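The lines below spell out each chain.
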Amino acid sequence: MKGIATGLLLLVTAIYVVARWQESAGAPSWVGYVSAAAEAGMVGALADWFAVTALFRHPMGLPIPHTAIIPTRKNMLGSSLGDFVGSNFLAPQVVSDKLARAGITHRAGVWLSEPAHAERVTSELATAVRGAVRVLRDEDVQAVLEQTVVRRVLEQRWGPPLGRILARVFADGSHHGLVDLVCDRAYDWVRDNHETVMRVVSQRAPSWSPRFFDSLVADRIYAEVLSFAWAVKTDPEHQMRKAVDRFLVDFAEDLQHDPHTIARAERIKQQVLEHPEVRNLVASAWATAKKMLLDAAEDPSSELRLRAGEGLRSLGRRLTEDPELRAKVDGWLEGAAVYVVSHYRDEITTLITDTVERWDAEETSRKIETHVGRDLQFIRINGTVVGSLAGLVIHTLSLLFF
């Protein structure tokens, strides 16, 4: 294209030279029209050559002011481009209107409703989960769990909240099933351990006491204990049961308000959570969860992936069929996008300015000229043609009026 534009300049120059030569030799008057057109075409071609060349370099190497614009003002152009993009493409109203017209939520819902698409998303999510789980170091996860779970539990007092829970349980009578179980087991133990009771009584008896007397006493004590255990087991209104209820209610009250009981609960909490087995429990819990996640993520037929796929398809159907939900999600997207462009527009446009600043000036000029130079050469061609026509019109009007 440079060759064509330059060739056209040389052509009008040759025409001008021939026309002037013919004029000096007494040629007809029409040659003057050709000469004027060719002269104006040369001026237009040279002017537009200067304009096009001045964008990329100094014409003929002369440091004329306001030439080599792209190499010398590259950074300013990059900054202006970033400002232009930020003002015209990343304006909150522009982004909001574009998202509102795009119907992203509806299109996403239609796309997710397709089983193949939902399966594809599920597969990608499974890949992401596998990558994230494998990247995490077990000791780091254990440390995080200890900090976020164990330490948080340590910071909270156990006594008052536990007391409130127990108070509600005891008030509802929900503990009676546990009391029944304890009474049943106590009776069963006494019934099945006659020899143990006999041995304990014999060991506690004085050394001078006759053995047959010890046996009689032991039998009597065993019978009374067995009778007592049976009464407690079978009588819901037994005094022992009521005493247990009073004790539990008082204990729940003490956990909430008695400083001594609260302090004891705190000491027990410290002992439990600082025990090495608790750390082992945290580590084993993460190891188990990690294995479950990896197995579920790698198996396309796992319950987790099947449920995830069904959940995505269900979400797609809801986004397609539920206008209220669709409007709500669209509002979230618009709000998020507007927030990003409102607060981080400068950081986004900095990507443009920083990239342009890193470019080499000469290389940048060469790249731009390569991409748009072909069209710019048409400016030179048009300048030659339009200049010739303008010169012809001006010469004609000059002869008509003067």
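Below, the structure is looked at part by part. (Residues numbered from 1 in each chain as written. Predicted model: local features only at pLDDT ≥ 70, side-chain atom pairs only at ≥ 80, totals over all residues. Heavy atoms only, no water.)

**With respect to the overall build of the chain**
Looking only at helices and strands, one finds 18 helices and zero strands in the chain. For the chain, the residues scored as buried account for 28% of the 402 residues in total. When contacts within the chain are restricted to residue pairs at least 6 apart in sequence, those whose partners lie at least 24 apart make up 72%. Averaging the locations of the 46 positively and 51 negatively charged side chains of the chain gives two centres separated by 2 Å. (Helix = DSSP H or I, 4+ residues; strand = E, 2+ residues; numbered from the N terminus. Buried < 20%, exposed > 50% of the residue type's maximum accessible area, 1.4 Å probe, protein only. Contact = heavy atoms within 4.5 Å. Lys, Arg positive; Asp, Glu negative; His and termini not counted. Charge placed at Lys NZ, Arg CZ, Asp CG, Glu CD.)

**A word on the nonpolar core**
Judged by nonpolar contacts, Leu166, Phe170, Leu248, Ala252, Leu255 and Ala265 together constitute the single largest core of six residues. Residue assignment for this core shows that the elements contributing at least two residues are helix H9 (159-172) and helix H13 (239-257). A per-element tally of this core places H13 first, with three residues. (Core = buried A, V, L, I, M, F, W, Y, C linked by side-chain atoms within 4.5 Å.)

**A closer look at the side chain of Thr353**
With respect to the element layout, Thr353 can be found in helix H17 (residues 323-358). Polar contacts involving the side chain of Thr353 include one to the main-chain carbonyl oxygen of Thr350, which spans 3.0 Å. Setting aside residues up to four positions removed in sequence, Thr353 forms contacts with Gly78, Ser79 and Gly82. (Polar contact = N/O pair within 3.5 Å; in protein donor to acceptor, adjacent residues only side chain to side chain.)

**Here's the deal with the environment of Thr353**
On the basis of relative accessible area, Thr353 is assigned to the buried category, the value being 15%. Considering only alpha carbons, one finds Thr353 and Asn75, 278 residues apart in sequence, at a separation of 7.1 Å.

**Structural notes on the packing of aromatic side chains**
A complete count under the given rule lists three aromatic pairs for this structure. With a centroid separation of 5.9 Å and an interplanar angle of 70°, the aromatic rings of Phe84 and Phe89 are classed as edge-to-face. Given the relative accessible area of 46%, Phe84 is considered partly exposed. Ring centres 6.3 Å apart and planes at 65° place the aromatic pair Tyr339 and Tyr344 in the edge-to-face group. Relative accessible area serves as the criterion here: at 41%, Tyr344 is assigned to the partly exposed category. (Phe/Tyr/Trp six-rings, centres within 6.5 Å; stacked < 30°, edge-to-face > 60°.)

**Observations regarding the environment of Arg220**
Summarising the element assignment, Arg220 is placed in helix H12 (residues 211-234). Arg220 sits in the exposed class, given a relative accessible area of 54%.

**Quick word on the packing of helix H1 (residues 2-24) against helix H2 (residues 30-56)**
Taken N-terminus to C-terminus, the directions of H1 and H2 make an angle of 145°; their axes are 8 Å apart at the nearest point. Relative to H2, H1 is oriented so that their crossing is left-handed. Residues Leu9, Val12, Thr13, Ile15, Tyr16, Ala19, Arg20, Gln22 and Glu23 of H1 lie in contact with H2, whose contacting residues are Val31, Gly32, Val34, Ser35, Ala38, Glu39, Gly41, Met42, Ala45 and Leu46. The residue inventory of the contact of H1 with H2, partitioned by class, reads 11 nonpolar, five polar and three charged. (Axes fitted to C-alpha atoms, helices over the stretch in contact; angles between N-to-C directions. Left-handed = near helix turned anticlockwise from the far one by under 90°. Nonpolar A, V, L, I, M, F, W, Y, C, P; charged D, E, K, R; others polar.)

**Focus: the pattern of salt bridges**
For the structure on display, the rule yields eight salt bridges. Among the ionic pairs, Asp192 bridges to Arg191, the shortest N-O distance being 3.1 Å. What you see here is one network of salt bridges that share partners, running through Asp188, Arg191 and Asp192. (Salt bridge = Lys/Arg side-chain N within 4 Å of Asp/Glu carboxyl O.)

**Thoughts on a nonpolar patch on the surface**
Residues Val393, Leu397, Leu400, Phe401 and Phe402 make up a contiguous nonpolar surface patch of roughly 640 Å² in combined accessible area. Relative to the assigned elements, Phe401 resides in helix H18 (residues 361-401). (Patch = residues over 30% accessible without salt bridge, like charges linked within 9 Å, V, L, I, M, F, W, Y side chains within 5 Å. Areas by Shrake-Rupley, 256 points an atom, 1.4 Å probe, with all protein chains shown as cover.)

**With respect to the packing of helix H7 (residues 115-135) against helix H16 (residues 303-321)**
Put simply, H7 and H16 touch, their axes get as near as 9 Å, and they point 130° apart. Relative to H16, the element H7 is oriented oblique. Seen along the crossing, H7 lies across H16 with a hand that is right-handed. Across the interface between the two elements, Pro115, Ala118, Glu119, Val121, Thr122, Ser123, Leu125, Ala126 and Arg130 of H7 pack against Arg305, Ala308, Gly309, Leu312 and Arg313 of H16. Partitioning the contact of H7 with H16 into residue classes produces seven nonpolar, three polar and four charged. (Parallel < 35°, antiparallel > 145°, perpendicular 65-115°, else oblique.)

**What about helix H6 (residues 104-113)?**
Residues of H6 that are buried include every one of Thr105, Gly109 and Leu112, and no others. Down the axis of H6, the buried side of the element spans an arc of 70°, and every buried residue falls inside it. Of the surrounding elements, those touching the buried residues of H6 are H7, H16 and H17. (Arc of directions from axis to C-beta.)

**Regarding helix H10 (residues 176-192)**
Here H10 is 17 residues long and its end C-alpha atoms lie 24 Å apart, about the 24 Å a rise of 1.5 Å per residue gives. Every buried residue of H10 is accounted for by Val179, Cys183, Tyr187 and Val190. Projected down its long axis, H10 carries its buried residues within an arc of 70°, all on one side. Across H10 from its buried face, at more than 90 degrees, point the exposed residues Leu178, Arg185 and Asp192. (Expected span 1.5 Å × (residues − 1).)

**Some remarks on the side chain of Gln377**
Its location among the elements puts Gln377 in helix H18. Judged by its relative accessible area of 5%, Gln377 is buried. Every residue in contact with Gln377, bar those within four places of it in the chain, is listed here: Met1, Lys2, Ala5 and Val52.

In short, shape yes, function no, at least from these values alone.
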